[in-house]
Amino acid sequence: MLDEKLEALFDEVVKRNLGEAEFHQAVHEVLETLGPVLAKHPELAEQKIIQRVCEPERQVIFRVPWQDDSGEVQINRAFRVEFNSALGPYKGGLRFHPSVYLGIVKFLGFEQVFKNALTGMPIGGGKGGADFDPKGRSEAEIMRFCQSLMTELYRHLGEYTDVPAGDIGVGTREIGGLFGQYKRITNRYESGVITGKGTDWGGALVRKEATGYGVAFFVEEMLRSRSRCLDGTTCTVSGSGNVAIYAIEKVQALGGRVVACSDSSGYVVDPNGIDVDLLRQVKEVERRRIDVYAERRGPLVSFSADGSVWDVPCDVAMPCATQNELHSRDAAALVRNGCTAVAEGANMPTTPRGVRVFREAGVSFGPGKAANAGGVATSALEMQQNASRDSWTFEHSEQRLYEIMAGIHRLCHETAEEYGAPGDYVVGANVAGFLRVARAMLALGLV
Ligand code: GLU
């Protein structure tokens, strides 16, 4: 529920951004928690900080023409939404998926602003992507698409301006194609212009693992604050992409057992705990569907094309697939089966009604902008290493990631308490992230 002033403000956002349902959802979720902040800091309302924060600084939409392997011309639409640069250059990934449109990119960019603020690193927020479907495309087609996209995007980027990275459908291979084209056009080996690079050409150790590892570290901190830990728990994860794979790996290293994961074709249940090496081989190397994992792993493992991974009983659930994948009925099933902690590896995977079910049941709920911030935080570490022409060890980088995640957890926990909502990480993350951005915007004048 929003109070009257915030309701009017929200209506205005809807009117100005018609048809962008996911963006409305992301804005609503933040506004719901800001009432007490405005009461405490009237200058923020006077200076219309919320209205300004909801309006991107710049939005770029462009055509990406390319030729497929049969010689046919293909046209995609690409986006870069440069949302807020009060804390640093725009920072956020690129998503290649057929569902991408302006509303998705704006929701992701909006979330990114607060997520990046929570990391405490000097990065603003932005996001981009294209409605390109990489599924079934050859290596050559993907390379041509990346080169065509960067031929337009390069003019908006720069290590002090806007620094993309990956997201769904964009991994090291795509970052390579994008960076290579940027380098050719500009004649600059500007490593800090993009993150998620391969470790042979300017990438940082732990960046690949960082989002998933970070989720596991965040869950461990959430459990610790209730005098528990991951060791001995049963966990479930949705997805089987980069975030899911490394969340599973770290949860299991910390003593949890991940008994289920999924992709868009269905989910597998593996009572002995997911074999991460096999999962990586099937999903990352061979790029096959998840039933192949079940087939190779043996008779104890089942694959289901129907139903939901959230029907599998667990203590801890980590949605790591995509937005709005965990509905209120899924949340109810998780609660019924004894789940007591949820941490979002994906961006906004739980629907608003799903979140309400968890909060009412007293489930510890770590929202994506806090729980999955390890990826972008490690991108900022990659930028640091690029700027100083240095590269850190795996151990040092992982230690930094752990400290950042523990710091975000502490900040959310303390902020929630200060604002009268102890244990509520949604309040903690939104308020703490918003305040950091708002303070910087006030200091910088009418930006
Ligand atoms: N796409 C990731 C996210 O949602 C990473 C962004 C980045 O590293 O810039 O935070």
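See the structure above.
In this report, we go over the structure that sits alongside the text. (Residues numbered from 1 in each chain as written. Predicted model: local features only at pLDDT ≥ 70, side-chain atom pairs only at ≥ 80, totals over all residues. Heavy atoms only, no water.)

This part is about the overall build of the chain. Within the chain, the regular secondary structure consists of 18 helices and 13 strands. Over its C-alpha atoms the chain spans a radius of gyration of 21 Å, differing by no more than 12% from the 22 Å that the globule rule assigns to 447 residues. When its C-alpha atoms are laid out on the principal axes, the chain stretches across 65 × 55 × 45 Å. Burial statistics for the chain: of 447 residues in total, 58% are counted as buried. Per element, the accessible surface of the chain, about 18000 Å² overall, is 49% carbon and sulfur. (Helix = DSSP H or I, 4+ residues; strand = E, 2+ residues; numbered from the N terminus. Rg over C-alpha atoms; globule rule 2.2 N^0.38 Å. Buried < 20%, exposed > 50% of the residue type's maximum accessible area, 1.4 Å probe, protein only. Areas by Shrake-Rupley, 256 points an atom, 1.4 Å probe, with all protein chains shown as cover.)

Further remarks concern the nonpolar core. Counting residues in hydrophobic clusters, the biggest one holds 59 residues, and the most contacted among them are Met318 and Ile408. Top contributing element to this core by residue count: helix H9 (residues 207-224), with nine residues. When neighbours within four sequence positions are excluded, Met318 is seen to be in contact with Val215, Val219, Cys235, Thr236, Val237, Ser238, Val251, Trp310 and Ala343. Formed by 43 residues, the second largest nonpolar core is a distinct cluster that contains Val81, Phe107, Leu435 and Val437. (Core = buried A, V, L, I, M, F, W, Y, C linked by side-chain atoms within 4.5 Å. Contact = heavy atoms within 4.5 Å.)

Attention now moves to the site of the ligand. Lining the immediate environment of the ligand, one finds 13 residues, of which Lys91, Lys115, Gly166, Asp167 and Ser379 sit closest. Interatomic distance of 3.1 Å between a side-chain N/O atom of Asn347 and an oxygen atom of the ligand. In the complex, 94% of the free accessible area of the ligand, which totals 300 Å², lies under the protein chains. Residue composition of the shell around the ligand, grouped by class: two nonpolar, six polar and five charged. (Near = heavy atom within 4 Å. Polar contact = N/O pair within 3.5 Å; in protein donor to acceptor, adjacent residues only side chain to side chain. Nonpolar A, V, L, I, M, F, W, Y, C, P; charged D, E, K, R; others polar.)

Quick look at the side chain of Ser238 now. Inspection of the secondary structure assignment puts Ser238 in strand S7 (residues 234-238). In this structure Ser238 comes out as buried when scored by relative accessible area, which is 1%. Of the polar contacts made by the side chain of Ser238, one reaches the backbone nitrogen of Cys320; its length is 3.0 Å.

A word on helix H11 (residues 276-285). Taken together, the buried positions of H11 are Val276, Leu278, Leu279, Arg280, Val282 and Lys283. Those residues of H11 hidden inside the fold are in contact with helix H10 (242-253), strand S8 (257-263) and helix H12 (291-297). The first or second residue beyond H11 is Arg287, which carries a positive phi of 50°.

Our focus in this paragraph is the packing of helix H6 (residues 102-119) against helix H18 (residues 425-443). As a packed pair, H6 and H18 sit with axes 8 Å apart at the nearest point and diverge in direction by 85°. Taken together, the axes of H6 and H18 are roughly perpendicular relative to one another. Where H6 abuts H18, its residues Val113, Phe114, Ala117, Leu118 and Thr119 lie against Ala429, Ala432, Gly433, Phe434, Arg436 and Val437. Here the residues of the contact of H6 with H18 sort into eight nonpolar, two polar and one charged. (Axes fitted to C-alpha atoms, helices over the stretch in contact; angles between N-to-C directions. Parallel < 35°, antiparallel > 145°, perpendicular 65-115°, else oblique.)

Sheet architecture is open: four strands sit in the order S1-S2-S5-S4, paired in mixed fashion. At either margin of the open sheet sits one strand with a lone partner, and together these are strand S1 (58-67) and strand S4 (94-96). Ignoring which end each strand starts from, the neighbouring axes of this sheet average 15° apart. Contacting S1, strand S2 (73-84), S4 and strand S5 (125-130), helix H7 (residues 139-153) runs over the sheet at an angle of about 140° to S1. (Pairing = 2+ DSSP bridges.)

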